[in-house]
Amino acid sequence: MEYIIKNMPGILVALDLQQRVKAMSDEFSNFCVTPPTIGASIDSVLHSDVYLSLQSYIEKSIAGQSFQCVVNHPSSATSFYHVKINATDQGCIILAHLREREGARDVQQEFLRVTFDTIDQGVTIYNENLELVAWNKVYESMGIFPPHLIRYGMPLLEAYRLIAGAGVLGPGDPEELAQSHITRIKTKKMVKVEDLFPSTGRIIQINRYYLSGGGMCATFTDVTEQRNIQRALSYQATHDHLTGLANRQHFLNHCDAMIAKALPGGDGFFVLFLDLDRFKQVNDAHGHPVGDAVLKSCTERLKSLINPQQGDMVARLGGDEFLILVHSGAKMQDISTFANTVLASVAEPYVVDRLRVYISASMGIAQFPGDGRVSHDLISHADAAMYQSKMKGRNAFDFYSLALGDSINRAGKLVTEMRYDLEHNGDFYLDFQPIASLTTGKVVAAEALLRWRNPSLGEVSPLEFIPCAESSGHIIVLGMLALDRSLATLNRINKWNPNFKVNINVSPLQVRREDFVETLRKYISKYDIHSPNITIEITESCIIHDSDEVRQNLFAIRKLGCELAIDDFGTGYASLSYIRKHPFTKLKIDQSYIGAIAEGGEHAVLVRAITEMAGAFALQTIAEGYRQQPSSAGEH
């Protein structure tokens, strides 16, 4: 409505109950002594003579009456304004026409015609009897109903019967729909903004304005393009751009809706977390276009297995991860059959440009309500079960269980407590396992073993907290702490025994870092350590999966003068000739072989062979100790 008022080629202004300008035509400024603005008081913008002439009429109109009057032009003796002041629900509207005292003509009809025909909205005006008294050409062209049926004096009820009969108002009996609309309009309970859907396929938004005299003005705006843009933006916000599947947020919303309408004691549903096994190798070997094609084909296979009519959904989390919500009779054997079907479907070869690609999937399953009553928990639990299936060898599925949940909670608590203790210099300490010479029987060195005693968790085994530190990223800080304290202790020992040595275990993640050797150099300098007194131990698995960075760092460590030991030899199936490609000086035979020597057999033969070959390669051999009684992991 404000748009119509603004573009009217005449003087028109709408005032609120406080006589402030609420809307105005562009030509209203010709009526004012100062440039008018929205929100300005009418008495501050009008010529004082003009305002005094209108003041009482404005006040009475705001109280509910309507008036017509004549106001002299403030600067022309031959001109005057014919003014109409009509009451509205929220104030009044002032309409002024400039006329000449001689030969002046009434421009109202021309004014209305030009206004109606130049705006880009359809407009209809109905009188107090709800009869059509004015409309424009844009309204005729909108196809709400045939334009040849539009006529002056047409009852609004007849108009609604026509558009209801054409299906514009939606499903239902046309007569009932029309009568319902008219009743609500007469009682002013009709919504002011409504969408109409004519047979043209366009979307027309109608805005209704009730007039104080009992009539109604309506504007019709084509909002088709705007709604299409809104739908496109909404789709992009809730769907994956590559596959067209629902994204994580859309899946969560759908899962929440399924939970909300679930009946107590009724059937539940399952959330399946699916991760494609080694999908990165597809992208690396064949390129991302092939990988994208595989993902799209996989999407179609998954969609073909579900029934959206009963609430099933497939979503893509991103990368190679998918979520499936599947309704079921809540029988485990049924979902197991479905899971096997999914895995078999995913494992079928993919043909992309005559190239055959093979992948498999790992999957975890969580059930509502047994495994969680909120969507986030269900997804998290299905994710945990998926990782469990990966650890078992991939191309399989696993169910979430309370035991698995306890393990996850334990791991989460370990990470939290570890971070706190590292930040607050907590209860990490070193145990030193002696290393004795079999020739002399004397202790010549010690292995520094990091231990953790937490007030909440108690004594935590290295077998538990070291993998946790590696997966959470805390291993770097933890490794530096162990290195710092080990060399600090060695500094004190070397003051009375300059030949004593210390072995320090280093994580493969540390060895791969570019700054590791430089950090080691700084600690050696800080504690004034004789480099040959330091032995850096790394596990056999580190060199089996080695890289250029690992080899370069190992040679750099030897260049510093430190000794290098390969730990747990025999567990990673690395050959001695392979080890010789690296600058190791010591070899530690895994405890499992040493403990079985007394039994004889192949273990004793193997240990003898390793010792002899290590000697041939000038590698010092260390036998990890064995105890009958349980001991802390890593002790020798």
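Since we're looking at a predicted model, the values are computed, not measured. (Residues numbered from 1 in each chain as written. Predicted model: local features only at pLDDT ≥ 70, side-chain atom pairs only at ≥ 80, totals over all residues. Heavy atoms only, no water.)

Caption draft 1: Summary view of the pairing of strand S3 (residues 67-72). Going residue by residue along S3, you find Phe67, Cys69 and Val71 tucked away on one face and Gln68, Val70 and Asn72 left uncovered on the opposite face. In the sheet, S3 pairs with strand S4 (residues 79-88) via six bridges, with the strands oriented antiparallel. From the neighbouring strand, valine 71 faces S4, where its bridge partner is tyrosine 81. (Buried < 20%, exposed > 50% of the residue type's maximum accessible area, 1.4 Å probe, protein only. Helix = DSSP H or I, 4+ residues; strand = E, 2+ residues; numbered from the N terminus. Pairing = 2+ DSSP bridges.)

Caption draft 2: Layout of the environment of isoleucine 435. Its location among the elements puts isoleucine 435 in strand S18 (residues 428-436). Isoleucine 435 sits 67 residues away from valine 502 along the chain, and the two C-alpha atoms are 9.2 Å apart. If we skip the residues at most four places from it in the chain, isoleucine 435 touches Lys442, Val443, Val444, Ala445, Ala446, Glu447 and Asn503. (Contact = heavy atoms within 4.5 Å.)

Caption draft 3: Highlighting the confidence of the model for the protein. Within the protein, residue pLDDT values average 82, and 85% of them lie at 70 or more. By mean pLDDT, helix H19 (residues 540-544) is the weakest element of the protein at 61, and strand S21 (residues 501-505) is the strongest at 94. Counting interchain partners and residues more than four positions distant, the pLDDT-below-50 stretch residues 103-108 has five contacts. For residues 626-636, every residue scores under 50 in pLDDT, and the model assigns this stretch 22 contacts once sequence neighbours within four places are set aside. (pLDDT = per-residue confidence, 0-100.)

Caption draft 4: Spotlight on the side chain of aspartate 275. Note that aspartate 275 resides in strand S11 (residues 269-277). For aspartate 275, a relative accessible area of 8% puts it in the buried group. Residues in contact with aspartate 275, not counting those within four places in the same chain, are Asp320, Glu321, Ser360, Ala361, Ser362, Met386 and Lys390.

Caption draft 5: Geometry of the packing of helix H16 (residues 475-494) against helix H18 (residues 516-526). Their axes nearest at 10 Å, the elements H16 and H18 cross at an angle of 25°. Classified by the angle their axes make, H16 and H18 are roughly parallel. In this structure, H16 meets H18 at a crossing whose hand is right-handed. Seen from H16, the contacting residues are Met480, Leu483, Asp484 and Leu487; seen from H18, they are Phe516, Thr519, Leu520, Tyr523, Ile524 and Lys526. Looking at side-chain class alone, the contact of H16 with H18 contains seven nonpolar, one polar and two charged residues. (Axes fitted to C-alpha atoms, helices over the stretch in contact; angles between N-to-C directions. Parallel < 35°, antiparallel > 145°, perpendicular 65-115°, else oblique. Left-handed = near helix turned anticlockwise from the far one by under 90°. Nonpolar A, V, L, I, M, F, W, Y, C, P; charged D, E, K, R; others polar.)

Caption draft 6: Fine view of the sheet that holds strand S13 (residues 321-327). Taken together, the five strands give an open sheet; going across it, the order is S12-S13-S11-S16-S17, and neighbouring strands pair in mixed fashion. Each end of this open sheet is capped by a strand with a single partner; those strands are strand S12 (313-318) and strand S17 (397-399). Ignoring which end each strand starts from, the neighbouring axes of this sheet average 20° apart. Bridge analysis of S11 against S13 gives seven bridges, and the strand direction is antiparallel. In the sheet register, phenylalanine 273 faces S13, and the bridge partner there is leucine 323. Its contacts with the sheet place helix H13 (residues 375-391) against S11, S13, strand S16 (360-368) and S17, and it is angled at close to 140° to S16.

Caption draft 7: Structural view of H13. Spanning 17 residues, H13 covers 25 Å between terminal C-alpha atoms, matching the ideal 24 Å at 1.5 Å per step. Within the span of H13, buried status applies to Ser375, Leu378, Ile379, His381, Ala382, Ala384, Ala385, Met386, Ser389 and Lys390. Positive phi appears at glycine 393, one or two residues downstream of H13, with a value of about 125°. (Expected span 1.5 Å × (residues − 1).)

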